[in-house]
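# Structure assessment
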Amino acid sequence: LSQQKSESSSGQDTAPAAVAAGLVHDVDKLQQDTLSLEVEKELKILRRKWNIRLSWVSEDVAVWNRLLAARTLVIPRKQDLNTWLQLASLSRRNRELTLCGNVLQLLGAPLDGAHDDATPHPKVLLGLFQLLW
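Please read all numbers here as calculations on a predicted model, not as lab measurements. (Residues numbered from 1 in each chain as written. Predicted model: local features only at pLDDT ≥ 70, side-chain atom pairs only at ≥ 80, totals over all residues. Heavy atoms only, no water.)

## Notes on the overall build of the protein
Spelled out, the test is: Only runs of H or I of at least four residues qualify as helices and only runs of E of at least two qualify as strands under DSSP, and these elements are numbered from the N terminus. In this analysis, two residues are considered to be in contact whenever any of their non-hydrogen atoms come within 4.5 Å of each other. Computed with a 1.4 Å probe, the accessible areas rest on the Shrake-Rupley method; for each residue, only the protein chains presented here act as cover.
Counting its secondary structure elements, the protein contains 7 helices and 0 strands. When the helices and strands of the protein are placed in sequence order, the string is α-α-α-α-α-α-α. For the protein, contacts bridging at least 24 residues in sequence account for 48% of all contacts bridging at least 6. For the protein, the computed accessible surface area is about 8,900 Å², with 54% contributed by carbon and sulfur atoms.

## Remarks on the environment of Arg 92
To keep things clear, this is the line we draw: Each residue is placed in one exposure class: buried if its accessible area under a 1.4 Å probe, protein chains only, is under 20% of its type's maximum, exposed if it is over 50%, and partly exposed if it falls in between.
Along the chain, the position of Arg 92 falls in helix α5 (residues 81-93). You can call Arg 92 buried: its relative accessible area is 19%. Spatially, the C-alpha atoms of Arg 92 and Leu 131 are 6.7 Å apart, while their sequence positions differ by 39 residues. Contacts of Arg 92, omitting those with residues within four sequence positions, involve Leu 97, Cys 100, Gln 130 and Leu 131.

## Things to note about the packing of aromatic side chains
The description of two aromatic rings rests on the distance between their centres and on the angle between their planes. Quick reminder of the rule: Classification of ring pairs rests on two measures: the distance between centres of Phe, Tyr or Trp rings, Trp counted by its six-membered ring, which must be within 6.5 Å, and the angle between planes, read as stacked under 30 degrees, edge-to-face over 60 and tilted in between. Each ring is checked for a lysine NZ or an arginine CZ that lies within 6 Å of its centre and within 35 degrees of its normal; such an atom marks a charge sitting over the ring.
Under the criterion given, the structure shown has 0 aromatic pairs. The cationic tip of Arg 77 hangs over the ring face of Trp 84; the distance from NZ or CZ to the ring centre is 5.1 Å.

## Remarks on empty space enclosed by the protein
Defined as follows: Grid points spaced at 1 Å over the protein atoms alone were grouped into cavities, where a 1.4 Å probe fits but cannot get out, and pockets, open sets with protein on both sides within 12 Å along at least five of seven lines, with lining residues defined by an atom within 4 Å of a point. Grid points are joined across faces, edges and corners, and a volume is the space filled by probe spheres set on the points. Three classes are used, and their members are as follows: Ala, Val, Leu, Ile, Met, Phe, Trp, Tyr, Cys and Pro are nonpolar, Asp, Glu, Lys and Arg are charged, and the others, Gly among them, are polar.
Taken as a whole, this structure holds 1 cavity of 30 Å³ or more when the rule is applied. A volume near 40 Å³ is recorded for the largest cavity. Every residue along the wall of the largest cavity is listed here: Val 19, Leu 23, Trp 50, Leu 54, Leu 67, Leu 68 and Arg 71. Residue assignment for the lining of the largest cavity shows that the elements contributing at least two residues are α2 (9-32), α3 (37-56) and α4 (61-71). A per-element tally of the lining of the largest cavity places α4 first, with 3 residues. Class assignment for the residues of the lining of the largest cavity results in 6 nonpolar, no polar and 1 charged.

## Regarding the side chain of Arg 53
Topologically, Arg 53 is positioned in helix α3. Looking at Arg 53, the relative accessible area reads 17%, which means it is buried.

## Some details on the packing of helix α6 (residues 97-106) against helix α7 (residues 122-132)
Stated formally: Axis lines are fitted to C-alpha atoms, over the contacting stretch for helices. Their N-to-C directions set the angle, which ranges from 0 to 180 degrees. Roughly parallel means an angle under 35 degrees; roughly antiparallel means over 145; roughly perpendicular covers 65 to 115; every other angle is labelled oblique. Crossings are assigned a handedness: left-handed for a near helix turned anticlockwise from the far helix by less than a right angle, right-handed for a clockwise turn.
With their axes 10 Å apart at the nearest point, α6 and α7 run at an angle of 155° to one another. Taken together, the axes of α6 and α7 are roughly antiparallel relative to one another. The two elements α6 and α7 meet at a crossing, and its hand is left-handed. Residues Leu 97, Cys 100, Gly 101 and Leu 104 of α6 form the contact with α7, whose own contacting residues are Val 124, Gly 127, Leu 128 and Leu 131. Its residues placed into classes, the contact of α6 with α7 shows 6 nonpolar, 2 polar and no charged.

The following block contains the structure:
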C-alpha cells in the first residue's frame, strides 16, 4: 500500500482502473452466487472491502462518481448512505455544486421544492444545509 501511494502520478492514474476492475470482478462473483442467506453476508464483506478500496483512490470527483455508479449495481444508494454523502462532500469542497445537489437529491433531499411524505435522513439534511450555506 505504501508503495502505491508513493508512486508517481502515473501510478495514481492506474488506481481508479484497478479499483473499478476489482468492483466488476466482485459484482460478477456476487451475481454467480445463488440467492440465499449468504448473500447478505457477502454484501457486508463487499461493503467493507469497497470502503477500503475507496480510501486508496484520490479525491477526484469524477473517479468517485464513476465508482459509486458501478457500486449501485449491487448496493442501492440509500443503503450506502455514508459513501454517497462522502461524494456529496467531496463535490462541494471541489466546487462541483450541481453534482453535490444531484447526489443529495438522489438521497432524498428536497431540493426541487417538492414535499414528499418521507422525511430525509438527518445526515442528508445536514449535507443539504452545508450545500446551501
